[in-house]
Amino acid sequence: MARTNFKQSLSRRETADATKRASAPPAQRVVMGLTTENMPTLTLNDPAGFTLNLGSTATEKSATGQRQQTSASSIAMSDKDHHVTWRAP
C-alpha cells in the first residue's frame, strides 16, 4: 500500500479547492444589454439584493398590477423585495 505524506495530500486538497472556487460562476453584479423590446439597460446588484437600473426596465404597480416600461433615460432603485424605492422620471 502506497503511503502519501500529509503535506502532499494537503497540497492536492488545496489545489482541488482552489479549482472549485475558480470554476464557480460569479454572482452577476453588473448586467448590461437590451430588453426584449430592444431598449438599452444597465443593472447593478449588490450582495444584499438591492438593485439600480439605468435605462429601460419593466415595472409593475402592486396596487393595480399595471405593467409599465420606463424610457431609456430613466433610473430606478429597488429594495431586496423588488419594490421600487426611488425612480426618475
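The preceding data block contains the structure.
Let me begin by describing the structure that accompanies this report. (Residues numbered from 1 in each chain as written. Predicted model: local features only at pLDDT ≥ 70, side-chain atom pairs only at ≥ 80, totals over all residues. Heavy atoms only, no water.)

### Comments concerning the pairing of strand 1 (residues 30-34)
1) Next: When you tally the buried positions in strand 1, you get 0 out of 5 residues, a small fraction of the element.
2) Next: Pairing between strand 1 and strand 2 (residues 40-45): 5 bridges, direction antiparallel. Directly across from Met-32, in strand 2, lies its bridge partner Leu-42.
3) Next: Here strand 1 hands over to strand 2 after 5 residues, with Asn-38 in that stretch at a positive phi of 60 degrees. (Buried < 20%, exposed > 50% of the residue type's maximum accessible area, 1.4 Å probe, protein only. Helix = DSSP H or I, 4+ residues; strand = E, 2+ residues; numbered from the N terminus. Pairing = 2+ DSSP bridges.)

### Details of unusual backbone geometry
1) Next: One non-glycine residue, Asn-38, adopts positive backbone phi at about 60 degrees.
2) Next: Relative to the helices and strands, Asn-38 resides in the loop between strand 1 and strand 2.
3) Next: Classification of Asn-38 as exposed rests on a relative accessible area of 58%.
4) Next: Located in the positive-phi region is His-82, a residue other than glycine, with phi close to 70 degrees.
5) Next: Position of His-82 among the secondary structure elements: in the loop between strand 6 (75-78) and strand 7 (84-88).
6) Next: The exposed category is assigned to His-82, whose relative accessible area is 64%.

### Some remarks on the layout of surface pockets
1) Next: Of the pockets and cavities examined, the largest pocket occupies roughly 260 Å³.
2) Next: Taken together, Thr-51, Asn-53, Thr-57, Ala-58, Thr-59, Glu-60, Ser-62, Ala-76, Ser-78, His-82, His-83 and Val-84 form the lining of the largest pocket.
3) Next: With 3 residues, the top contributor of residues to the lining of the largest pocket is strand 4 (residues 58-60).
4) Next: Here the lining of the largest pocket is built from residues that sort into 3 nonpolar, 8 polar and 1 charged. (1 Å grid on protein atoms, 1.4 Å probe; cavity = no way out; pocket = protein on both sides within 12 Å on 5 of 7 lines; lining within 4 Å. Points joined across faces, edges and corners; volume = space filled by probe spheres on them. Nonpolar A, V, L, I, M, F, W, Y, C, P; charged D, E, K, R; others polar.)

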